[in-house]
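One letter stands for each residue in the lines below.
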Amino acid sequence: MRVSPFPAKTLPTKAAADKHALELLLRRSEGDRYVEKATTLGQEIEAWLDRKRARSDTRPATMRFYEQSSLIWKEFAAVRVPALRRAPVEDFIAKRAAEHRRAAKNELEFLKRVLRDARGRGQRVDEGVLAIAPISHVAREGKALTVDQLYELASWTAEHSKRLVLLAGMVGQRQRVWFEMTDDMLDLKAGTLAIPARLAKNGKPHQIFLTPTEVGLFREQLVARAPGAVLVFPTPTGRQWTESAFRQRVWSKAIAAAAKNDERPAGRPSVFERFTFHMLRHTAGSLMARAGMDPAVASERLGHTDGGALFLRTYRHLYEAEKRTQALRLEDLIRASLDESWTEDVTDADFPLNEATGTDGRGWDRTSDPSRVKRVLSR
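These numbers come from a predicted model, not from an experiment.

**Student:** Provide a residue-level description of a nonpolar patch on the surface, including the pertinent values.
**Tutor:** Judged by side-chain polarity, Leu 330, Leu 333, Ile 334 and Leu 338 come together as a nonpolar surface patch covering roughly 360 Å² of accessible area. Inspection of the secondary structure puts Leu 333 in helix 15 (residues 320-345). Look at Leu 333 and you get exposed, because its relative accessible area is 54%.

And the structure:
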């Protein structure tokens, strides 16, 4: 049926056409005062996500982030937007923040973004909801394992996950890449791992050149995985891991066991405590830097496209042994400089000999070599 007096609009029934005609006439008569028919929060969220999906500049990783942030609001999906009030929303997100602070921060920001968009499209929105204070979150400081610590952690995991932990701490790809990795991404003869655009955070495919050790670990994994599996790192039954299942069944148990059995000085916390899977990415970056890999190359290997800025700022951690080695290099420089300077500029005449002790003003023993004995660097 055509909608009178709007002939360009048609609807399937006369009743629907008459109803829509009244709404259009009301909108025309009220102008800026007109308010759209109330929709539910669930409808607004789905419409918002659909508009984001339709945009060509929305990256897949960003879309997944939005979709994940929307899930928590299913509890309010049936509530009409004008009826959404601050108190229940604030209490709900505060409870959520007590358990998962970072996730709650993102979810509240997502809700506000949807509601602001709904208000711009004619919905009445309670300003109190938009005025809920943002949830503060201090990002957990990253840390990196040494090679020995990485192998120690892997030793506490089941056989089907040992090489996943080791390779994640060497190659440094994100968790989703490991869970969705398939055979066709590997070319072990050429020693390469191809990351497709769908698994890259920046939406661009890239190739990783593997070390012989990494190639060997991949070969072992292909033999050890569940028979008939296409995934490189499946569950024991050949299915794909989810983050929660892997955390509960593998990761949390391995971290607890590694921390409990970690040999360390009394009073010092274990390096494994509060160690997340993402920190294996930090471990890989730090090991690359420790090996002397160029930051631009290490950054590209991790999937970054900024030439190394984020790598150096976030993923590069200094090891204790590395800092000690660098301090000794400084010592060598100082010794060499002093040796050259004192050899050229200082003479025994500048420091009179004490006949009673056989030493001069510098504390050097000159009795064995009256001409000149230089001992400042050997003592």
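Text resumes after the structure shown.
**Student:** I'd love a proper account of the packing of aromatic side chains, names of residues and values included.
**Tutor:** Scanning all chains against the criterion turns up 14 aromatic pairs. Ring geometry for Trp 48 and Phe 110: centres 5.3 Å apart, planes at 85°, overall edge-to-face. On the criterion of sequence distance, the pair formed by Trp 48 in helix 2 (residues 41-54) and Phe 110 in helix 5 (residues 101-120) is long-range, its members being 62 residues apart. Looking at Trp 48, the relative accessible area reads 4%, which means it is buried. Assessed through its relative accessible area of 4%, Phe 110 is described here as buried. Ring centres of Trp 178 and Phe 218 lie 6.4 Å apart, and the angle between their planes is 25°; on these two criteria the pair is classed as stacked. With a gap of 40 residues between them, Trp 178 in helix 9 (residues 175-180) and Phe 218 in helix 10 (residues 212-224) connect regions that are remote in the sequence. For Trp 178, a relative accessible area of 0% translates into the label buried.

Each value, and the rule that gives it
- Residues numbered from 1 in each chain as written.
- Predicted model: local features only at pLDDT ≥ 70, side-chain atom pairs only at ≥ 80, totals over all residues.
- Heavy atoms only, no water.
- Patch = residues over 30% accessible without salt bridge, like charges linked within 9 Å, V, L, I, M, F, W, Y side chains within 5 Å.
- Areas by Shrake-Rupley, 256 points an atom, 1.4 Å probe, with all protein chains shown as cover.
- Salt bridge = Lys/Arg side-chain N within 4 Å of Asp/Glu carboxyl O.
- Helix = DSSP H or I, 4+ residues; strand = E, 2+ residues; numbered from the N terminus.
- Buried < 20%, exposed > 50% of the residue type's maximum accessible area, 1.4 Å probe, protein only.
- Phe/Tyr/Trp six-rings, centres within 6.5 Å; stacked < 30°, edge-to-face > 60°.

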